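Close look at the chain arrangement
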Amino acid sequence: MLPALRGPERICRRCLAEWYVRWRAHGENGLLDHSSRPHESPARTSEPLADLIETLRRQTKHGPARLSADLQQLHGVTVAPATVHRILVRRGLNRLRDLDPPTGEQLREVIRYEHERVGDLVHVDIKKLGRIPTGGG
């Protein structure tokens, strides 16, 4: 059933009509909150082009604007620098400091701490145990 409105609470007819259509189509589940993110992205950059961008990044170590220009000059493909940046972020290549300069391989690995229960904490003891002079004790 539709949420009950009591007292001075009001709702516009358009919103109520949307809720009613959802309720008729999906029942109670149609009234639950859901993500507004699209289920699919048909205009998403193709994987072969993303692979090409990744290869160029690892070889040249250029930023998104220069990679975009290189793609235009070398391959005749027009891609906005923002799109190149988004692909680099998606693949974890957006920071040059994380790439080995000679080889272009990943230097840093993301370490995740996952726990069985929500709210578990990682305890790190950072207490200074003594005053150690410069050069050692």
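Okay, so let's go over this structure. (Residues numbered from 1 in each chain as written. Predicted model: local features only at pLDDT ≥ 70, side-chain atom pairs only at ≥ 80, totals over all residues. Heavy atoms only, no water.)

1. Quick look at the overall build of the chain
Each helix and strand counted, the chain has four helices and zero strands in total. Counting helices and strands in the order they occur from the N terminus, the chain gives α-α-α-α. Within the chain, buried positions represent 16% of all 137 residues. Expressed as a percentage of contacts within the chain between residues at least 6 apart in sequence, the contacts between residues at least 24 apart total 40%. A total accessible area of about 12000 Å² is found for the chain, and carbon and sulfur atoms account for 53% of it. (Helix = DSSP H or I, 4+ residues; strand = E, 2+ residues; numbered from the N terminus. Buried < 20%, exposed > 50% of the residue type's maximum accessible area, 1.4 Å probe, protein only. Contact = heavy atoms within 4.5 Å. Areas by Shrake-Rupley, 256 points an atom, 1.4 Å probe, with all protein chains shown as cover.)

2. A few points about the nonpolar core
Within the largest apolar cluster, twelve residues are counted, these being Leu49, Ala50, Ile53, Leu56, Leu67, Leu71, Val79, Val84, Ile87, Leu88, Leu93 and Leu99. For this core, the secondary structure elements donating two or more residues are helix H2 (47–60), helix H3 (64–75) and helix H4 (81–90). Take this core: its biggest share by element is four residues, from H2. Residues contacting Ile53, with those up to four places away along its chain left out, are Leu71, Val84, Ile87 and Leu88. (Core = buried A, V, L, I, M, F, W, Y, C linked by side-chain atoms within 4.5 Å.)

3. Description of the packing of H2 against H3
The geometry of H2 relative to H3 is characterised by a closest axis approach of 11 Å and an angle of 110° between their N-to-C directions. Taken as axis vectors, H2 and H3 run roughly perpendicular relative to one another. Between H2 and H3, the contacting residues are Leu52, Ile53, Leu56, Arg57 and Thr60 on the first element and Leu67, Leu71 and His75 on the second. (Axes fitted to C-alpha atoms, helices over the stretch in contact; angles between N-to-C directions. Parallel < 35°, antiparallel > 145°, perpendicular 65-115°, else oblique.)

4. Here's the deal with H3
Between its terminal C-alpha atoms H3 stretches 16 Å, which fits the 16 Å expected from twelve residues at 1.5 Å a residue. Those residues of H3 that sit buried are Leu67, Ser68, Asp70 and Leu71. Buried positions in H3, seen along its axis, are confined to an arc of 160° and lie on one side of it. In H3, the exposed positions angled more than 90 degrees off the buried face are occupied by Ala65, Arg66 and Gln73. Tucked inside the fold, the buried residues of H3 contact H2 and H4. (Expected span 1.5 Å × (residues − 1). Arc of directions from axis to C-beta.)

5. Details of the pattern of salt bridges
Counted by the stated rule, this structure contains four salt bridges. The residue Glu54 makes a salt bridge to Arg58 at a minimum N-O spacing of 3.3 Å. Taken together, the residues Glu54 and Arg58, both in helix H2 and four residues apart, mark about one turn of the helix. Through salt bridges with shared partners, a single ionic network connects Glu47, Asp51, Glu54, Arg58 and Arg91. (Salt bridge = Lys/Arg side-chain N within 4 Å of Asp/Glu carboxyl O.)

6. Description of the side chain of Thr45
With respect to the element layout, Thr45 can be found in the loop between helix H1 (13–26) and H2. Every residue in contact with Thr45, bar those within four places of it in the chain, is listed here: Thr83 and Ile87.

7. Observations concerning the state of the cysteines
Under the defined criterion, the tally for this structure stands at zero disulfides. The cysteine Cys12 is free of any disulfide, with Cys15 supplying the nearest cysteine sulfur at 5.1 Å. (Disulfide = S-S within 2.5 Å.)

All quantities given are derived from atomic positions and should not be read as evidence of function.
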